[in-house]
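The lines below spell out each chain.
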Amino acid sequence: RAVAMSVSHSSRLNKLVREQYVRLPQDGLVQVTYVWIDGSGEGVRCKSRTLDKEPKSIEDVPEWNFDGSSTAQAEGSNSDMFLVPVRMFRDPFCLDPNKLVLCEVLKYNRKPAETNLRHTCKKVMDLVKDSHPWFGMEQEYTLLGINGHPYGWPDNGFPGPQGPYYCGVGADKVYGRDIVESHYKACLYAGVKICGTNAEVMPSQWEFQVGPCEGIEMGDHLWMARFILHRVCEDFGVVATLDPKPMTGNWNGAGCHTNYSTEEMRREGGLKHIEAAIEKLSKRHDYHICVYDPRGGRDNSRRLTGHHETSNIFEFSAGVANRGASIRIPRQVGQDGYGYFEDRRPAANCDPYAVTEAIMRTTVLNETGVETKDYADH
C-alpha cells in the first residue's frame, strides 16, 4: 500500500492500451519532439510536431518557437522564443521513424537565452578542437516517490546505514532497478552515448555514465540522457531528482564527476600534461566552484563537506585514487603514465556545457582568475 501511494496517478493507467496506438502505421509522416532547457537551467521541456518525411540530418529539422513566458524565459508581452535544433536522436518512446531533437533557445533578437549555456560552450570547443578534448560524465540521481520521499524508503523512518547499497543486489538493497534498466535501453536505442550504470551508496540513488564524448557532444548527450530519464520516470510514476544533497544527515550527496583528457594526455608520457592541467585548476578553484552548480556554489556547499567521499568546497586537492580529493587521478593512469583525470567537484545538477567549457578555458586556453574572456571577436 505504501508503494502504491508513492507513485503518480498517470502511471497506473493501462500501458498495454497505449501500445495498441504506438504500433499504428504513420504513412510516411514523422513525429518530432523538440527538447530544450527551461529558465531554471535545470528543467527540460518538450513539445512535438509532425514533419512530412523523416529527417536524415539536423539540417532537415526546421526551427520552431514556444511561449517563453511559461518557462521563465520571457515576458508575456514579448514571449516568443526560438528553438534551434542542434542534435537529433531516435525516439525510444514513439519508436522509429520518430525523433527527439535537442534545441538551443534564442530570444526574440536571436541572442542566446540566459540558460542557453551551449552557445558559448560551442565557441570554446571550436577554439580548442585541435586538442581533441574527451569527456565522460557520471550522472548521479535519486529516485523519489511522488510525495518527495526517497523511493522505497520506509514512510516514517530510514533504511539501514550506508554500506550494502553501492552496486548492490537484492530487494532489500536496491530500489527501482526496472527504471534504471529501462532508461539504459532507451538511451541505447536513442543513440545517446551511455556507457554504464550502477546503484550508488545511498539507497534509491543511482548513477549512469555518458561518454567518451568529444567537445560539445558531451553536453548534448548528457542533456538528452537526462530528458530520457525524466520521461522514463514519468511512465513509472516516480521522480528523478538531481539535487546534490537530497537527504541531510549521514547520507551521500549526488555529483556529476567529470572525466577529462586531451590528445596529449592520452599519449605516452601524458601524465606530465595531466599534472600541468591540475596545477592550472588548482589556481582557479573559486571560478570552477561558481560554475559547477546552477546557484554559484550554494548547492554544492551542501554536498562538498569533506565527508561522504567529497572534498571540502573551500580547498583544492588532488591525488591518485583519492575519492576525497577535488581531482582524482585513477590508479591505472598513475601506473601507465598517461590517460585522464576526474574532476569530482561538479554537482549532480550542474550544466554540462558550463562544466566542460570551464575546464577547457582553464586547462587549454590558460585563463586565470574569476573572469572569463569573450572570444566572440576572434
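Numbers given to residues run from 1 along each chain, matching the order in which its sequence is written. Selection of residues for local features in this predicted model requires a pLDDT of at least 70, selection of side-chain atom pairs for listing and counting requires 80 or more, and totals for whole chains, interfaces and linings are taken over all residues. Only heavy atoms go into the side-chain values, all of them from the structure, while hydrogens and water stay out.

1. What to know about the overall build of the protein chain
At step 1: Across its full length, the protein chain carries eleven helices and 13 strands.
At step 2: Taking the principal axes of its C-alpha atoms as reference, the protein chain extends roughly 60 × 55 × 40 Å.
At step 3: The buried label goes to any residue with under 20% of its type's maximum accessible area, the exposed label to any with over 50%, and the partly exposed label to all in between, with areas taken from a 1.4 Å probe on protein chains only. By residue count, 51% of the 378 residues in the protein chain fall in the buried class.
At step 4: Residue contacts are counted whenever heavy atoms from the two residues lie within 4.5 Å of one another. For the protein chain, restricting intrachain contacts to residue pairs at least 6 apart in sequence, the fraction spanning at least 24 positions comes to 67%. Per the convention used, a helix needs a DSSP run of H or I reaching at least four residues, while a strand needs a run of E reaching at least two, with both numbered from the N terminus.

2. Topic: the domain arrangement of the protein chain
At step 1: When cut into domains, the protein chain gives domain 1 (7-113) and domain 2 (123-362).
At step 2: Put simply, the middle of domain 1 and the middle of domain 2, counted by C-alpha atoms, are 26 Å apart.
At step 3: On the side of domain 2, 28 residues touch domain 1, which itself brings 22 residues to the contact.
At step 4: Contact between domain 1 and domain 2 buries roughly 2200 Å² in total, counting both sides, with carbon and sulfur atoms accounting for 67%.
At step 5: Whenever Lys or Arg places a side-chain nitrogen within 4 Å of a carboxyl oxygen from Asp or Glu, that contact is recorded as a salt bridge. Across the contact surface, domain 1 and domain 2 share two salt bridges.
At step 6: Measuring nitrogen to oxygen at the nearest pair gives 2.8 Å for the salt bridge that ties Glu42 to Arg295. What fixes the domain bounds is an automatic or database domain assignment. Summed over both partners, the accessible area lost on bringing two parts together, with a 1.4 Å probe, is the buried area.

3. Some remarks on the packing of aromatic side chains
At step 1: Between the rings of Phe, Tyr and Trp (Trp by its six-membered ring), a pair exists once the centres lie within 6.5 Å; its type follows the angle of the planes, with under 30 degrees stacked, over 60 edge-to-face, and the other angles tilted. This structure, assessed with the given rule, holds eight aromatic pairs.
At step 2: Centroid distance Tyr260 to Phe341: 5.4 Å. Interplanar angle 90 degrees. Geometry classified as edge-to-face. With Tyr260 in strand β10 (residues 256-261) and Phe341 in strand β13 (residues 341-343), this residue pair connects regions lying 81 residues apart in the sequence. Phe341 carries the same exposure label as Tyr260, and that label is buried.
At step 3: Feature note: the residues Phe135, Tyr260 and Phe341 constitute an aromatic cluster, connected by ring pairs.
At step 4: We count a charge as sitting over a ring when the NZ of a lysine or the CZ of an arginine lies within 6 Å of the ring centre and within 35 degrees of the ring normal. The cationic tip of Lys47 hangs over the ring face of Trp64; the distance from NZ or CZ to the ring centre is 4.1 Å.
At step 5: Positioned above the aromatic ring of Tyr189 is the side chain of Arg90, whose terminal nitrogen or guanidinium carbon lies 3.9 Å from the ring centre.

4. Digging into the environment of Leu304
At step 1: By the element assignment, Leu304 lies in the loop between α9 (298-301) and β11 (318-320).
At step 2: Classification of Leu304 by relative accessible area gives buried; the value is 3%.
At step 3: Ignoring sequence-local partners within four residues, the contact set of Leu304 consists of Ile289, Thr310, Ser311, Asn312, Ile313 and Arg345.

5. Quick look at the packing of helix α4 (residues 177-190) against helix α5 (residues 217-236)
At step 1: Structural elements are reduced to axes, namely lines fitted to C-alpha atoms, with helices fitted over the stretch in contact, and the angle between N-to-C directions of any two is expressed from 0 to 180 degrees. Interaxial distance between α4 and α5 falls to 9 Å at its minimum, and their mutual angle equals 135 degrees. Looking at the two axes, α4 sits oblique to α5. Remark: the crossing between α4 and α5 carries right-handed chirality. Contacts between α4 and α5 pair Asp178, Ile179, Ser182, His183, Ala186, Cys187 and Ala190 from the former with Ala225, Ile228, Leu229, Val232, Cys233 and Phe236 from the latter. With respect to orientation, any angle under 35 degrees is reported as roughly parallel, any angle over 145 as roughly antiparallel, any angle of 65 to 115 as roughly perpendicular, and every other angle as oblique. The sense of a crossing depends on the near helix, which, turned anticlockwise from the far helix by less than a right angle, makes the crossing left-handed and, turned clockwise, makes it right-handed.

6. Some details on the side chain of Glu357
At step 1: By the secondary structure assignment, Glu357 is in helix α11 (residues 352-363).
At step 2: The exposure class of Glu357 is buried, given its relative accessible area of 9%.
At step 3: Whenever a nitrogen or oxygen atom comes within 3.5 Å of another N or O atom, the pair is scored as a polar contact, on the condition that within protein one atom can donate a hydrogen and the other can accept it, and that pairs from neighbouring residues in sequence are kept only if both atoms are in side chains. Polar contacts involving the side chain of Glu357 include one to the side chain of Arg361, which spans 2.8 Å.
At step 4: In this structure Glu357 touches Leu117, Thr120, Cys121, Val124 and Met125, once residues within four positions along its chain are discounted.

7. Description of the pattern of salt bridges
At step 1: Under the defined criterion, the tally for this structure stands at 26 salt bridges.
At step 2: One salt bridge in this structure joins Glu217 and Lys193, with 2.9 Å as the shortest N-O distance. Here Glu217, found in helix α5, pairs with Lys193, found in the loop between α4 and β7 (194-199); they are 24 residues apart in sequence, far enough to count as distant.
At step 3: Owing to a relative accessible area of 15%, Glu217 belongs among the buried residues under this scheme.
At step 4: The salt bridge partner of Arg345 is Asp343, with a shortest N-O separation of 2.9 Å.
At step 5: Classification of Arg345 by relative accessible area gives buried; the value is 0%.

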